[in-house]
Amino acid sequence: MKTAIITGVTGQDGSYLSEFLLSKGYRVVGLKRRTSLINTDRVDSFYDDPNFILEYWDLNDVGSLYRLLKKYNPQEFYNLAAQSHVRVSFDIPEHTVDGVALGLLRILEAIRNQDDPPRFYQASSSEMYGDAPCPPTGYTEDSKMTPASPYACAKLFSHNLVRNYRESYDIHASSGILFNHESPRRGETFVTRKITRAAARIKLGLQTELHLGNLDAMRDWGYAGDYVEAMWMMLQASTPDDYVISTGETHTVREFLEEVFNHAELSIEKHVRIDKKYFRPHEVPLLLGDSTKAHQQLGWKPQIKFKNLTALMYEEDFINIKH
Ligand code: NAP
Ligand code: G4F
């Protein structure tokens, strides 16, 4: 039986990846930080699976990493933990950068010092492109990157460090440059979930207004369940590399809002307000990815795209809030 360690297991991607690996017969060791309230909601459905183990750890805790690598001797290690909110990274830049950049450095150092290092996956991000010019068919692995937030700067540092460790120490370390991916398990303060949840609450008479920021920003939105499979595929490839994972479609926040509100038969004019509070000091105006390399070399393709994604997120929020 293979063992995989996943950091950030309580997050959106950590929960989908755990489910996926458990279904493939893995033993999954999920690493979580200590929180004052129990926040295992996203892993509750497989919490009792005998092949699922939760361990405490934190991005700034080196000793626990060595202890856990020794205890479980994993074949695969997925680093998904991060303060992942771009807007919040402007408010708490030091905490964000320490976890995203130095946290990753701590992990890579621990891994390369193992006798038999596990294959390693790093959660890189399309935010790294920032406001670099976007080719008409989308950003590729070789496109210029000009990150536009503390979060994105730290992700680019980590992205470069993974490549550097791969080339310097011959470890099997890959980075997935994942474009925005969403699901009913998406954090409630990211724009897609904020919209679907508010629409469901308005429909059920529990809320009257939704306050949003920049509606003109464009994003390439995919489904998290599809994207975690790409992470696994990268670690099954014979050689490590970097891969863009995206749908190849981009839409404005306004289009996402219209799609959901039309589906719910709600009026945007009546319920939506623009609030300066949600604008960022520096915005990334457009993200569009070209995942040809992942398709050709890994055989990966997204199954769920924009229209289905908006509907599935709204419907699940509606059902869960109603009950
Ligand atoms: P998420 O839902 O915000 O989950 C982040 C996870 O990291 C949570 O489990 C969180 O724990 C944990 N974490 C945060 N700070 C930590 C710390 N100091 N020590 C230990 N754990 C810590 O993010 P996601 O959407 O699943 O994304 C997974 C990864 O992919 C992240 O690295 C993100 O930056 C990256 N990424 C995401 C997207 C996307 O569109 N979703 C796109 C590209 C890249 P708590 O539950 O305790 O908060
Ligand atoms: O949903 P968002 O907060 O996601 P963002 O900033 O694109 O970052 C997400 O995707 C990245 C991959 O590209 C990840 F690396 C990162 O960890 C995270 O998962 O914002 C999307 C867009 C932005 O342009 C923002 O300005 O929506 C705009 N927006 C408009 N009103 C809003 C709001 N964003 C949020 N969070 N809340 C609003 O009220």
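Residues numbered from 1 in each chain as written. Chains lettered and ligands numbered in written order. Predicted model: local features only at pLDDT ≥ 70, side-chain atom pairs only at ≥ 80, totals over all residues. Heavy atoms only, no water.

A. Spatial organisation of the nonpolar core. If you look at the biggest cluster of nonpolar residues, it comprises 56 residues, and the most contacted ones within it are Leu-21, Tyr-78, Tyr-121, Ile-195, Ile-245 and Phe-261. Among the elements that make up this core, the one with the highest residue count is helix α7 (residues 224-236) (eight residues). If we ignore the near neighbours within four places in the chain, the residues touching Ile-195 are Leu-210, Leu-212, Val-253, Phe-256, Leu-257, Val-260 and Phe-261. Core analysis: the second largest hydrophobic core is formed by 22 residues, Leu-31, Trp-57, Leu-65 and Ala-110 among them. (Core = buried A, V, L, I, M, F, W, Y, C linked by side-chain atoms within 4.5 Å. Buried < 20%, exposed > 50% of the residue type's maximum accessible area, 1.4 Å probe, protein only. Helix = DSSP H or I, 4+ residues; strand = E, 2+ residues; numbered from the N terminus. Contact = heavy atoms within 4.5 Å.)

B. Representation of the site of ligand 1. Close contacts around ligand 1 come from 25 residues, with Thr-10, Asp-13, Arg-33, Ser-84 and Tyr-151 the closest. In the model, an oxygen atom of ligand 1 is placed 2.9 Å from a nitrogen or oxygen of the Leu-80 main chain. His-181 places a main-chain nitrogen or oxygen 2.9 Å from an oxygen atom of ligand 1. Out of a free accessible area of 900 Å², ligand 1 has 90% covered by protein chains. Listed by contribution, the elements that provide at least two residues to the shell around ligand 1 are α1 (12-23), β5 (119-125) and α5 (150-169). Ranked by residues supplied to the shell around ligand 1, first place goes to β5 with three residues. When its residues are assigned to classes, the shell around ligand 1 shows nine nonpolar, eleven polar and five charged. (Near = heavy atom within 4 Å. Polar contact = N/O pair within 3.5 Å; in protein donor to acceptor, adjacent residues only side chain to side chain. Areas by Shrake-Rupley, 256 points an atom, 1.4 Å probe, with all protein chains shown as cover. Nonpolar A, V, L, I, M, F, W, Y, C, P; charged D, E, K, R; others polar.)

C. Layout of the site of ligand 2. As a matter of local geometry, ligand 2 sits amid 24 residues, with Ser-125, Ser-126, Tyr-151, Arg-280 and Glu-283 nearest to it. With respect to ligand 2, the backbone of Ser-84 contributes an N or O atom lying 2.6 Å from an oxygen atom. At 2.8 Å, a side-chain N or O of Arg-219 approaches an oxygen atom of ligand 2. Summarising the interface, the protein chains cover 96% of the accessible area of ligand 2, which totals 710 Å² for the free molecule. If you list the elements that add at least two residues to the shell around ligand 2, you get α6 (191-203) and β8 (210-212).

D. Structural detail: the pairing of strand β11 (residues 242-245). The two faces of β11 match: Asp-242 and Val-244 on one face and Tyr-243 and Ile-245 on the other face are all buried. Two elements, strand β6 (residues 173-178) and β11, share four bridges in a ladder whose sense is parallel. Note that in β11 the partner of Ile-177 across the bridge is Val-244. (Pairing = 2+ DSSP bridges.)

E. Fine view of the pattern of salt bridges. Counted under the stated rule, the structure contains 16 salt bridges. Among the salt bridges present, the one from Asp-98 reaches Arg-106, with a minimum N-O distance of 3.4 Å. A relative accessible area of 26% means that Asp-98 is categorised as partly exposed. With a closest N to O distance of 3.1 Å, Asp-241 and Lys-293 form a salt bridge. With a gap of 52 residues between them, Asp-241 in the loop between α7 and β11 and Lys-293 in helix α10 (residues 292-298) connect regions that are remote in the sequence. When its relative accessible area of 19% is taken as the criterion, Lys-293 is described as buried. What emerges from the salt-bridge pattern is a single network uniting Glu-127, Arg-219 and Glu-283. (Salt bridge = Lys/Arg side-chain N within 4 Å of Asp/Glu carboxyl O.)

F. Focus on the sheet that holds strand β4 (residues 76-79). Ordered by their spatial adjacency, seven strands build an open sheet running β3-β2-β1-β4-β5-β6-β11, and the pairing between neighbours is parallel. In this open sheet, the two strands that pair with only one neighbour each are β3 (52-56) and β11. Across this sheet, the average inter-strand angle for adjacent strands is 20°, counted without regard to direction. Bridge analysis of β5 against β6 gives six bridges, and the strand direction is parallel. Among the inter-strand pairings, Tyr-121 is bridged to a residue of β6, identified as Ser-174. Running at roughly 165° to β5, helix α4 (residues 93-112) makes contact with β1 (3-7), β4 and β5 of the sheet. Its contacts with the sheet put α5 on β5, β6 and β11, and the angle it makes with β5 is roughly 150°. (Axes fitted to C-alpha atoms, helices over the stretch in contact; angles between N-to-C directions.)

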